[in-house]
Structure formats: structure tokens, C-alpha cells
Amino acid sequence: MDKFTEICGQLGLGKLTAPPEALSGGFMHKMYSLNTEQGKYALKLLNPYIMQRDTAMENFRQAEILEAKLEGRGLPILPALTFHGKKMQETGGQYYYLFEFFDGKALQNSEIEISHCEEMGRTLARIHEIERRREKVQIDEIHGNWAYYMEMLSGQNQELWELMRENVELVLDCERKGNAALGRLPETVTICHNDMDSKNVLWRGGEYRIIDLECLSWESPCLELYDLALNWAGYEECAIDGDKLRAVVRAYGDGGGRLPEDWECLYEAELVAKLDWLEFNLKRTLGLEGGAEDKQLGISMVKWALRHIRYYAGRKDEILSSVQ
């Protein structure tokens, strides 16, 4: 019995009426559509290497609690379905979530309009204003073992070694600035999605659903606003549009969100997340994180991360003039 048939039996979905189809999604977990006798669903198979982390189960449990808060406020999310009194399911050591299938699609950068940016700003304000706490933001400083990774790359991947050699001074400078900025973040946390970029919002005409809610946690609303604005304004394509950046921020404020005062702090604190993604993918490339199947994705993501860090570092004045 394959895992898809076993899942259908475990959840009482009836038989599959068509072969499962892989869905495009994020870089951590695997998504499939399931056509069954009971209906059509989206299945998320959770990355087994992520699930082995000591904090994984507690993080998912907290995210489910916060997901219920968003669902109770009528926010346009796609929550995981509950079976046998719980959302997260497991079969044969594979953890997963099941969702109703929403027949929408993520927007490409060329399809994103000012109106989409405004809608995201307003919706993010609604999420952040559910509850606020006065707490120090818990983001770990990054201290990447860059010299060690480069030494390993020199014997495994000459192309990436060259890229790291060309950019290591920039990486170290970003690390210093990013770590210093973390201490200047406002001592306020709210419910944050933490990855509400364009790939995690599915649109069907003017209707949409926010997905990938397993990252929900208590984080800095200022930093999430800044990160979301960058992504919806074109950061992923290294083509930030100042008008879209302003549209997100303006709509967030108009929607009741509390705007940051120190945008330069956010610009620099954002560097930590960008370096964290670089380090994670260096580890995947070198076999220090994940399995053999993750190595090729790790290689492409290291290249992606370095290109975006270079782009971001060269756009400070342009970005800050758009958000302030």
C-alpha cells in the first residue's frame, strides 16, 4: 500500500479517483493534490529532517493555536483540517496536514498590482492587531561558520567556492550590521505569519487564501511588515518597485497597523534572515542538513541567496526612501 492510499484510508477519504499530483510550493515540504471519493484535497508532507529538530513539534503546536485565532477572526486563510481531534497526522513516520483544495494560484511578480499590495497590507494589519505583547523579540544572532563552509566547498563545488570567495566580505559586513540591529528592534510582538510572500497567497479572481500557516508564531510586527513589503514589491526578482513598496506600507497604516519609526533598523535586521537562508542552503549543499535529494536544491538556493544579498545591499537608499 503506498502512502497516499494509506493516508486516504486513515482519514476516511475513500479511494483515490486519480493519481496524486505534485503541486508547486515552498522549499521545505512537499505538496500534492488528492482526488478522492470524498472530494479534492491538498496534502502537505512535512519534511522529515525538519521534524527531527528538537523544537519542531512544539513549534507546530503553537502554530496550530495561532491558526485557530486567525480562523476565529474570519481572516482569509486555508486552515488544516481536523481528523480524530487533531490537525497534524502521522502514518509510517511521515507527518502531514490535509487541507480543502482551493482552486487558486500564486501570482507571478509580473501579475502583482498595486491593489494586491494594498490588500496584503490591510490583511497583515488585521493579523497583527489581534493581540500585541510587550516582549523582547527573540531572534538569534547569526554567526555563520563561513570559513569552514568555504573550505568544504573548495573540495566539493568550485563554482560555489568562487561565489563565496567573491562575496565573503559582504557577507561578514551584513552579519555585523544585522546582528547589531536586532538589539534595536521595538519590544513588541504580535501574531506573525512569517512567510506571507506571494507564493503563499492563492488567488481566484478577487478572492484569495493565505497558506503555509505552520510558520505562525509571536514575532516582530515591524520586521514582518518590512519583509512582506519587500517581497510583494519585487524583491524575489531583484526588481523592487517603490510604488508597490509604498502601497503595502500605506495600506497597513490605513488598516489600523502601527507603523515602525526606525526603518533603517529594519533594513539591517532583515540581513539576518537573508544570511540564515544562505547558511541553511550551504549546509544542504554540503550534506550537513537534509538528505542527498536536498543537495541540488541547496546549490541553486546558495546562488539565489548570494545574488539577492548583493542586490539588497546595493538598494538601501532606494528602499528606505520608499518606505519612510
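The structure under discussion appears in the preceding block.
Residues numbered from 1 in each chain as written. Predicted model: local features only at pLDDT ≥ 70, side-chain atom pairs only at ≥ 80, totals over all residues. Heavy atoms only, no water.

Caption draft 1: Looking closely at the overall build of the protein chain. A tally of helices and strands in the protein chain yields 11 helices and 11 strands. Rg of the C-alpha trace for the protein chain: 20 Å, near the compact-globule value of 20 Å for 324 residues, within the 12% margin. On the principal axes, the C-alpha backbone points of the protein chain span a range of 55 × 55 × 40 Å. Classification of the 324 residues of the protein chain by burial places 49% in the buried group. For the protein chain, restricting intrachain contacts to residue pairs at least 6 apart in sequence, the fraction spanning at least 24 positions comes to 72%. Within the structure as shown, the protein chain displays about 15,300 Å² of accessible surface, and the carbon and sulfur contribution to it stands at 46%. In the protein chain, 38 side chains carry a positive charge and 54 a negative one; their mean positions are 2 Å apart. (Helix = DSSP H or I, 4+ residues; strand = E, 2+ residues; numbered from the N terminus. Rg over C-alpha atoms; globule rule 2.2 N^0.38 Å. Buried < 20%, exposed > 50% of the residue type's maximum accessible area, 1.4 Å probe, protein only. Contact = heavy atoms within 4.5 Å. Areas by Shrake-Rupley, 256 points an atom, 1.4 Å probe, with all protein chains shown as cover. Lys, Arg positive; Asp, Glu negative; His and termini not counted. Charge placed at Lys NZ, Arg CZ, Asp CG, Glu CD.)

Caption draft 2: Broad picture of the sheet that holds strand β1 (residues 21–23). As summarised here, the arrangement of the five strands in space is β1-β2-β3-β5-β4, forming an open sheet in which the pairing is antiparallel. Strand pairing shows two members of the sheet lacking a second neighbour, β1 and β4 (89–91), which therefore form its edges. In this sheet, adjacent strand axes meet at a mean angle of 35° when their direction is disregarded. Where strand β3 (residues 39–45) lies against strand β5 (residues 94–100), five bridges are found, and the strand directions are antiparallel. Pairing of K44 across the sheet is with Y97, part of β5. Against the sheet, helix α1 (residues 3–11) engages β2 (30–36), β3, β4 and β5, with an angle of about 130° to β4. (Pairing = 2+ DSSP bridges. Axes fitted to C-alpha atoms, helices over the stretch in contact; angles between N-to-C directions.)

Caption draft 3: Looking closely at the pairing of β2. With respect to burial, β2 is a largely interior element, five of its seven residues being buried. When β1 meets β2, the two strands line up antiparallel, connected through three bridges. In the sheet register, E21 faces β2, and the bridge partner there is S33. Both β2 and β3 contribute to a ladder of seven bridges, which runs antiparallel.

Caption draft 4: Looking closely at unusual backbone geometry. One non-glycine residue with positive phi stands out, namely H84, at about 55°. If you trace the backbone, H84 turns up in the loop between α3 (56–72) and β4. The exposed category is assigned to H84, whose relative accessible area is 63%. Phi at D212 is positive, roughly 60°, even though this residue is not glycine.

Caption draft 5: How the structure looks around the sheet that holds strand β8 (residues 189–192). Within the open sheet, the three strands sit side by side as β7-β8-β11. Their pairing is antiparallel. Two strands close off the open sheet at either side, each with one partner strand: β7 (132–133) and β11 (217–219).

Caption draft 6: Highlighting helix α5 (residues 146–156). Listed as buried for α5 are W146, Y149, M150, M152 and L153. Projection of α5 onto a plane perpendicular to its axis shows the buried side chains occupying an angular sector of 165°, all on one side. Among the exposed residues of α5, those pointing more than 90 degrees away from its buried face are A147, E151 and G155. Where α5 is buried, its residues meet α6 (158–182) and α9 (263–285). (Arc of directions from axis to C-beta.)

By themselves, these are just geometric observations and shouldn't be taken as functional.
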